[in-house]
Amino acid sequence: SAVISQKPSRDICQRGTSLTIQCQVDSQVTMMFWYRQQPGQSLTLIATANQGSEATYESGFVIDKFPISRPNLTFSTLTVSNMSPEDSSIYLCSASDRGQPQHFGDGTRLSIL
Amino acid sequence: SQQGEEDPQALSIQEGENATMNCSYKTSINNLQWYRQNSGRGLVHLILIRSNEREKHSGRLRVTLDTSKKSSSLLITASRAADTASYFCATDAGGGSYIPTFGRGTSLIVHP
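Residues numbered from 1 in each chain as written. Chains lettered and ligands numbered in written order. Predicted model: local features only at pLDDT ≥ 70, side-chain atom pairs only at ≥ 80, totals over all residues. Heavy atoms only, no water.

Asks: How would you summarise the overall build of chain A if you had to cite specific residues and measurements?
Replies: If you tally the helices and strands in chain A, you get zero helices and eleven strands. The N-to-C order of helical and strand elements in chain A reads β-β-β-β-β-β-β-β-β-β-β. Relative to the compact-globule value of 13 Å for 113 residues, chain A shows a C-alpha radius of gyration of 13 Å, a close match. With respect to the principal axes defined by its C-alpha atoms, chain A has extents near 35 × 25 × 20 Å. Out of the 113 residues in chain A, the part that is buried amounts to 49%. Contacts spanning at least 24 positions in sequence make up 53% of the contacts within chain A whose residues lie at least 6 apart. (Helix = DSSP H or I, 4+ residues; strand = E, 2+ residues; numbered from the N terminus. Rg over C-alpha atoms; globule rule 2.2 N^0.38 Å. Buried < 20%, exposed > 50% of the residue type's maximum accessible area, 1.4 Å probe, protein only. Contact = heavy atoms within 4.5 Å.)

The following block contains the structure:
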């Protein structure tokens, strides 16, 4: 099964700044996803990261706020832009092939002051 | 997109007892998956069951799927303190969509 490395594992940021989260997979995968999770809550899908093209965003999430890159089949980044305290959350990267189980990184715990 | 709903939201049992969690969903699916999440960690995949399957086993885990009732159950037998975690079911929207959406989860506490 794929191993996902996500970094940073946690960060504390000032409001108005941006943070880029990196996700590295140890093998080529078809699909990569970015989720947000409030402590004790479910996962909310932000977007599907598409290799070589623009990400597919879910309702309520926009590219200007959460730009995503996926330059190849093993790597993706999520940027949280112009952060506010409401963006404080856990951000999770996952990867899978179509119809197969997802593999998750350990997440990035983000706090905005 | 649909979202599975787990029941109960919280479960507290003694070591050695069995734990049963249920998941209900709304529309047809391709697959249903169960995941575990330990505090402060990412999700770990437990079992994937396809829509044409009715039951799967993996060690002390047993998953059933009833597509007529649009429900699934996860049974953990002979539970251990290390099973303490949150458990999520994830369903896709069927057809050509394999993107899973997650329920709110069941928080399981196993007391030693």
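Asks: I'd like to hear about the overall build of chain B, residue by residue, with values.
Replies: From N to C terminus, chain B includes zero helices and eleven strands. Secondary structure of chain B in N-to-C order comes out as β-β-β-β-β-β-β-β-β-β-β. For 112 residues, the compact-globule estimate of 2.2 N^0.38 gives 13 Å, and the C-alpha radius of gyration of chain B, at 13 Å, lies within 12% of that figure. Overall size of chain B, expressed as C-alpha extent along the three principal axes, is 45 × 25 × 20 Å.

Asks: Can you lay out the environment of B:G103 for me, pointing to particular residues and giving the numbers?
Replies: Secondary-structure assignment places B:G103 in the loop between β10 (101–102) and β11 (106–111). Given the relative accessible area of 0%, B:G103 is considered buried. Sequence separation between B:G103 and B:T84 is 19 residues, and the spatial gap between their C-alpha atoms is 18 Å. Setting aside anything within four residues of it in sequence, one finds B:G103 in contact with A:S42, B:Q3, B:G4, B:E6, B:F88 and B:C89.

Asks: If you had to explain the state of the cysteines to someone new, which residues and values would you point to?
Replies: Between two cysteines, a covalent bond joining their sulfur atoms is known as a disulfide. The full count for this structure, using the stated rule, is two disulfides over all chains. Note that A:C23 is cross-linked by a disulfide to A:C93, the S-S spacing being 1.8 Å. Looking along the S-S bond of the A:C23-A:C93 disulfide, the torsion reads about -65°, which is the left-handed sense. In this pair, A:C23 sits in strand β3 (residues 19–25) while A:C93 sits in strand β9 (residues 89–96), placing the two residues 70 residues apart along the sequence. As far as burial versus exposure is concerned, A:C23 and A:C93 are alike and both buried. Two residues, B:C23 and B:C89, share a disulfide whose sulfurs are 2.0 Å apart. (Disulfide = S-S within 2.5 Å.)

Asks: Explain the environment of A:D11 residue by residue, including any values.
Replies: Residue and element names in this part refer to chain A. Turning to its location among the elements, D11 is positioned in strand β2 (residues 10–13). With relative accessibility at 27%, the residue D11 sits in the partly exposed group. Apart from the residues lying within four places of it in its own chain, the contact partners of D11 are L19, R109, L110 and S111.

Asks: Outline the interface of chain A and chain B, listing residues and values.
Replies: Taken together, the contact pairs 19 residues of chain A with 20 residues of chain B. Both faces combined, the contact of chain A with chain B buries some 1,600 Å², and carbon together with sulfur accounts for 52% of it. On inspection of chain A and its partner chain B, the count reaches one salt bridge. As a salt-bridge pair, A:D106 and B:R41 come within 3.1 Å of each other at their nearest N and O atoms. At the boundary of chain A with chain B, the tally comes to nine residue pairs in polar contact (both at pLDDT 80 or more). Looking at the side of chain A that touches chain B, the elements with two or more residues in it are β4 (31–37) and β5 (43–49) of chain A. Among the elements that take part in the side of chain A that touches chain B, β4(A) stands out by supplying four residues, more than any other. When the residues that make up the side of chain A that touches chain B are grouped by side-chain class, the tally is eight nonpolar, eight polar and three charged. (Buried area = accessible area lost by both parts, 1.4 Å probe. Salt bridge = Lys/Arg side-chain N within 4 Å of Asp/Glu carboxyl O. Polar contact = N/O pair within 3.5 Å; in protein donor to acceptor, adjacent residues only side chain to side chain. Nonpolar A, V, L, I, M, F, W, Y, C, P; charged D, E, K, R; others polar.)

Asks: Can you explain the packing of aromatic side chains? Please cite residues and give values.
Replies: Throughout the structure, instances matching the rule amount to seven aromatic pairs over all chains. Seen in terms of ring centroids, A:F33 and A:Y35 are 6.4 Å apart; in terms of plane orientation they differ by 50°. Their pairing is tilted. Assessed through its relative accessible area of 1%, A:F33 is described here as buried. Judged by relative accessible area, which is 1%, A:Y35 ranks as buried. Here A:F104 and B:F102 contribute two aromatic rings whose centre-to-centre distance is 5.9 Å and whose plane-to-plane angle is 75°, an arrangement assigned as edge-to-face. (Phe/Tyr/Trp six-rings, centres within 6.5 Å; stacked < 30°, edge-to-face > 60°.)

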